[in-house]
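Take a look at the letters that make up each chain.
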Amino acid sequence: SVTFVYEKNSEVVGFYTACESTDSFFREQLIKRGHLFIFPILLQLIKTPFLIVKIYEAIRYPYLFSEKFEKAELLSLAVMKEYRGKGIGSEMFYHLVQEFKKRNVPGFKTGVRPAMKANDFYRKTGFVWVDVIRLYGDEFNFYNFYIKG
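Note that the structure is a prediction, hence the values are computed from the model and not measured.

Draft legend 1. Structural context of the overall build of the chain. For the chain, the helix and strand inventory stands at 4 helices and 6 strands. Written out in order from the N terminus, the α and β elements of the chain read β-β-α-α-β-α-β-α-β-β. Considering the chain as a whole, with its 149 residues, one finds that 36% of them fall into the buried category. At a minimum sequence separation of 6, the contacts of the chain that also span at least 24 residues come to 67%.

And the structure:
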């Protein structure tokens, strides 16, 4: 996985997190840190049993529609509100593209709720809309980005 933090004047103003394989990333997290999740999850399930559906969706997520989407994924890209529109998101995005290029990753996917402004950002940076997927009780636009050369 790849995590990058963008700082300006010693202040964190943005970050991204991505992985070369969503499947491996989730499996690795469960194996390495599963013991940290079990007790809190069990407590939550006792309080709100319908969460089992969300847990099930999280486990099967990497395998959903795998033929449509790239294996790698941009999991999160965020810029503090007061720094948006200043090119920081684009700079971080192109940093990730270069990082994935070094690792011979041919492309990657990302998902975003339809009402979010991030949809415009992803379309402007060259992502191709693939489908709307229902996850965690909500809809997400899923996009692929294909790395050239």
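The rest of the description comes next.
Draft legend 2. Up close: the packing of aromatic side chains. Scanning the entire structure with this criterion turns up 14 aromatic pairs. Relative to F127, the ring of F93 has its centre 5.6 Å away and its plane inclined at 50 degrees; by these criteria the two rings are tilted. One end of the pair, F93, is in helix α3 (residues 88–102); the other, F127, is in the loop between α4 (118–124) and β5 (128–135), with 34 residues separating them in the sequence. F127 matches F93 in its accessibility class, with the two residues each being buried. Considering the side-chain rings of Y122 and F127, the 5.0 Å spacing of their centres and the 75 degrees angle between planes classify their relative orientation as edge-to-face. Per residue, the accessibility class of Y122 equals that of F127, and both read buried.

Draft legend 3. How the structure looks around the pairing of strand β2 (residues 11–19). The pairing of strand β1 (residues 2–8) with β2 spans 7 bridges and is classified as antiparallel. Looking across to β2, one finds that F4 is bridged to Y16. As consecutive antiparallel partners, β1 and β2 are separated by 2 residues, and within that stretch N9 has a phi angle of approximately 55 degrees, a positive value.

Draft legend 4. Geometry of the sheet that holds strand β6 (residues 138–146). With respect to topology, 6 strands assemble into an open sheet ordered β1-β2-β3-β4-β6-β5, the strand pairing being mixed. Because the sheet does not close on itself, it has two edges, and the strands there are β1 and β5. Ignoring strand direction, the axes of neighbouring strands in this sheet form an average angle of 25 degrees. Summarising the sheet, β2 and strand β3 (residues 72–79) pair through 6 bridges and their orientation is antiparallel. Bridging from a neighbouring strand, G14 pairs with V79 of β3.

Draft legend 5. Here's a closer look at unusual backbone geometry. Positive phi values are uncommon outside glycine, yet N9 reaches one of about 55 degrees. Exposure remark for N9: the relative accessible area of 73% places this residue in the exposed category. One non-glycine residue, S10, lies in positive phi territory at about 60 degrees. Residue position: S10 is located in the loop between β1 and β2.

Draft legend 6. View of a nonpolar patch on the surface. A cluster of nonpolar side chains, V5, V12 and F15, forms an exposed patch at the surface whose accessible area comes to about 230 Å². Relative to the elements of secondary structure, V12 occurs in strand β2.

Draft legend 7. Spotlight on the side chain of D131. Within the fold, D131 resides in strand β5. Given a relative accessible area of 19%, D131 falls into the buried group. Residues in contact with D131, not counting those within four places in the same chain, are K68, F69, F140, N141 and F142.

Calculation criteria
- Residues numbered from 1 in each chain as written.
- Predicted model: local features only at pLDDT ≥ 70, side-chain atom pairs only at ≥ 80, totals over all residues.
- Heavy atoms only, no water.
- Helix = DSSP H or I, 4+ residues; strand = E, 2+ residues; numbered from the N terminus.
- Buried < 20%, exposed > 50% of the residue type's maximum accessible area, 1.4 Å probe, protein only.
- Contact = heavy atoms within 4.5 Å.
- Phe/Tyr/Trp six-rings, centres within 6.5 Å; stacked < 30°, edge-to-face > 60°.
- Pairing = 2+ DSSP bridges.
- Axes fitted to C-alpha atoms, helices over the stretch in contact; angles between N-to-C directions.
- Patch = residues over 30% accessible without salt bridge, like charges linked within 9 Å, V, L, I, M, F, W, Y side chains within 5 Å.
- Areas by Shrake-Rupley, 256 points an atom, 1.4 Å probe, with all protein chains shown as cover.
- Salt bridge = Lys/Arg side-chain N within 4 Å of Asp/Glu carboxyl O.

From the geometry alone we can't say anything about function, so treat these as descriptive.
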